[in-house]
Structures are given as C-alpha cells and as structure tokens.
Amino acid sequence: MGLVSFRTLLLPCALVFAGALPQPAAAQSAPASSPAVPGTPAARPADVSSMDAVIHAVYDVISGPGEQRRDWNRMRSLFVPGARLIAVHAGKDGANVARVLSVEDYIRLAEPLMAKDGFFERESHRTVERYGDIAQVFSTYESRHAAADAKPFQRGINSFQLMFDGHRWWVVTIYWQGERPDQPIPKRYGG
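Counting restarts for each chain, with residues numbered from 1 along the sequence as it is written. Residues qualify for local features only when their pLDDT is at least 70, as the model is predicted, and side-chain atom pairs are given and counted only at 80 or more; totals for whole chains, interfaces and linings, by contrast, use all residues. The side-chain quantities take in all heavy atoms of the structure and omit both hydrogens and water.

Draft legend 1. Spatial organisation of the pairing of strand E3 (residues 120-131). Strands are labelled as partners when DSSP assigns at least two bridges between them. Where helices and strands are cited, they refer to DSSP runs of H or I of at least four residues and of E of at least two residues respectively, numbered from the N terminus. As judged from the 11 bridges shared by E3 and strand E4 (residues 134-144), these two strands associate in the antiparallel manner. What sits directly across from Arg 126, in E4, is Ser 139. Two successive antiparallel strands, E3 and E4, enclose a turn made up of two residues, where Gly 132 displays a positive phi of approximately 55°.

Dropping the structure here:
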C-alpha cells in the first residue's frame, strides 16, 4: 500500500479511494455480527460489508495530514491473520525487488513517515476478477501530500487479493508497483 515517502523507499501501495466507483454486481454483504478472529481487532461492519467497502477502508485509514495519527487498529481489522503487503521497486542494478511486509511491518515503517508528511491516496480506476469467494482487484492509485494537490506525486497499481469468509471481506494481500517512465499505466487500467 502506498505511503507518503514510503513509496519512494519501497513504495507504492495505494489507497484512499473515491467511494463513488461502482461496486461489482455480485458483491455480498457482511452481517453485522461477523465472528471475531483471535488477535484481530473487531472491524467496523461497514468497512467489511463488500469488496468496495474494504478497499475504501484501506485507502481511508492510511490517508490524512501529517499531524494526524492513523487508526492502526482499524487497519489491522481489515486484514486476514498472516496477510502480506508487498512493494515491488527497482533495485540498484535495475532488477525488480519485492519487499514483503506483514501488516505490523507496514505500520512500523509507515507511522513515522505519516507523522511527518501528509499522505492522501485515492483510487482512480478499478478492474475486478472474481471466482466464488476470492477476488483479485487491480486498483490504480494516485498519491498526494495534500488532498487538494492538483497533481499526484506518484501513481501505480495496487493488486488486492480479497476473500469473503461467509460473513465479511478480508484483505489477504496488497501487492503494488509504482508507475515509471518506462512502465506507464496501460489504458485498460486507467492510464
């Protein structure tokens, strides 16, 4: 998931999505009484009631002005235990490198950056593939230091893997890569 200068470090992971995007027709709703998972904070029912809701919640929780502390328990509540956040970036030799993080790793690295600089991420395009209770979502993102910034400092694609457990939606993985001059975002993904 994208973060302030976190994108520059290992970045792009997008998130703060404009909730006006259409929801897939086959989305399922989560009942208000979704069973608790030991070690995971209880999720807000509205955050996990659909694919659209859980993606929006991820973008929302990481976005805000620099002085605003993020609700990390809300972030934790969105992810299945053992979830991974994976940033792909070019190494010194030009070869792609994957940096694999747990949710706790992400929080530990992101918190000081977000305390210093504003970070606002929103979804600009979405492509969904779904089979049964699993989904792969390509969420094209735009990152800004201030919500009113006219131009994003980073764009890229967050690849969300989601699961519906019969009660609610969970984020299993977010795998992302920032746009580069030699790899512009294709038109089919909103480029």
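Draft legend 2. Just the pattern of salt bridges, in detail. Every case where a carboxyl oxygen of Asp or Glu lies within 4 Å of a side-chain nitrogen of Lys or Arg is listed as a salt bridge. In this structure the tally under the stated criterion is 13 salt bridges. With a closest N to O distance of 2.8 Å, Asp 47 and Arg 74 form a salt bridge. Here Asp 47 is found in the loop between helix H1 (6-9) and helix H2 (51-62), whereas its partner Arg 74 is found in helix H3 (residues 72-78), with 27 residues between them in sequence. Relative accessibility decides the category of a residue: with a 1.4 Å probe and only protein chains considered, values under 20% of the type maximum give buried, values over 50% give exposed, and everything between is partly exposed. Given the relative accessible area of 7%, Asp 47 is considered buried.

Draft legend 3. The arrangement of the confidence of the model for the protein chain in detail. How sure the predictor is of each residue is captured by pLDDT, a score from 0 to 100. Taken over all residues, the pLDDT of the protein chain has a mean of 85, while the share at 70 or more is 81%. Any two residues whose heavy atoms approach within 4.5 Å at even a single point are treated as in contact. Low pLDDT (under 50) marks residues 3-33, which in the prediction has 129 contacts with non-local residues, meaning those over four places away or in another chain.

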